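Each chain, letter by letter, is given below.
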Amino acid sequence: RAEKPETRTQLPQADQETVEVDGVTYRKKSRLTTILVMGVDHDTQDSYEYRKAGQADFLRLVVLDDADKTVQQLQIDRDTMTPVTVLGLLGDRYEPVTEQICLGYAFGDGRETVEAVGNLLGGQTIDQYLAMGLDGISTLNDLAGGVTVTLEDDFSAIDPAMTKGATLTLQGEQAETYVRSRRSVGVGTNKARMARQESYIRQLSVQL
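Please read all numbers here as calculations on a predicted model, not as lab measurements. (Residues numbered from 1 in each chain as written. Predicted model: local features only at pLDDT ≥ 70, side-chain atom pairs only at ≥ 80, totals over all residues. Heavy atoms only, no water.)

As a further point, take the pattern of salt bridges. Scanning the entire structure with this criterion turns up nine salt bridges. Residue R60 is joined to E198 by a salt bridge in which the shortest nitrogen-to-oxygen separation is 3.0 Å. Here the residue R60 occupies a position in strand β4 (residues 56-65), and E198 occupies one in helix α4 (residues 190-207), the gap between them amounting to 138 residues. By relative accessible area, which is 22% here, E198 ends up partly exposed. For E115, the salt bridge is made with R93, and the minimal N-O distance between the two is 3.0 Å. With E115 in helix α1 (residues 111-120) and R93 in strand β7 (residues 93-100), the pair connects residues that are 22 residues apart, well separated along the chain. Salt bridges sharing common partners tie together K29, D65 and D68. (Salt bridge = Lys/Arg side-chain N within 4 Å of Asp/Glu carboxyl O. Helix = DSSP H or I, 4+ residues; strand = E, 2+ residues; numbered from the N terminus. Buried < 20%, exposed > 50% of the residue type's maximum accessible area, 1.4 Å probe, protein only.)

The pairing of β4 with strand β5 (residues 70-76) spans seven bridges and is antiparallel. The residue of β5 that forms the bridge with V62 is Q73. Where β4 hands over to β5, the hairpin turn is made up of four residues, of which K69 adopts a positive phi near 60°. (Pairing = 2+ DSSP bridges.)

The biggest cluster of nonpolar side chains holds 18 residues, and the ones touching the most others in it are V149, L151, F155, M162, L170, Y178 and Y200. Among the elements of the structure, β9 (147-150), β10 (167-170), α3 (173-180) and α4 are those that each provide at least two residues to this core. Residue contacts for L170: discarding those within four places in its chain leaves N141, G146, V147, V149, M162, A175, Y178 and Y200. Of all hydrophobic cores here, the second largest spans 16 residues; its members include L36, L59, V117 and I126. (Core = buried A, V, L, I, M, F, W, Y, C linked by side-chain atoms within 4.5 Å. Contact = heavy atoms within 4.5 Å.)

No statement about biological role is implied by the geometric values presented.
Rendered as structure tokens:
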């Protein structure tokens with residue numbers, strides 16, 4: 001996130017990063033904390049076999065602005081094609097391979113995904129990151145008291161209670177069904193799933 005464009009009388013300080021977009025120079029804001037939140041298609045484990053940690057199907061960058069006291073968030077599509085660093089069996093780094101950004105997490109600790117997201121956004125620094133496995137979805141949902149949604153698609157093939165048009169407070173595994181299901185629901189695209197996730201997170205955020 002950048003501040004307003006520079007003017008001729010307001011030049012950037014030497015220690016401030018700048019970026020040029022369409023011929024306009026912006027200076028990077030100070031006092032930002034960026035956090036990458038990842039949702040992984042795998043239950044949480046203490047350790048993983050090589051390339052068996054799953055994929056970061058949910059990617060969300062949270063930007064905290066200490067000066068303005070604001071929080072802004074950016075969804076990142078798991079299917080975004082971008083260079084992702086590949087690790088060898090012993091952890092040695094190979095040249096980045098252009099692939100879906102979600103695949104970087106398979107190596108196990110999330111740092112490759114963090115690097116890929118930072119590069120995708122023009123070399124931005126990401127200060128912190130966290131990842132949550134599938135088992136965390138129902139836990140978080142239930143800690144918030146359950147999230148009430150109106151179903152715009154039919155989930156009844158997975159859960160008979162989740163029929164199109166129904167309004168219900170999601171409990172337990174229903175939350176995972178709602179935010180994770182894709183191929184058997186509606187048009188089956190990740191874009192549609194992201195819209196559903198966005199709606200869910202807005203309500204969850206209010207309750208949290």
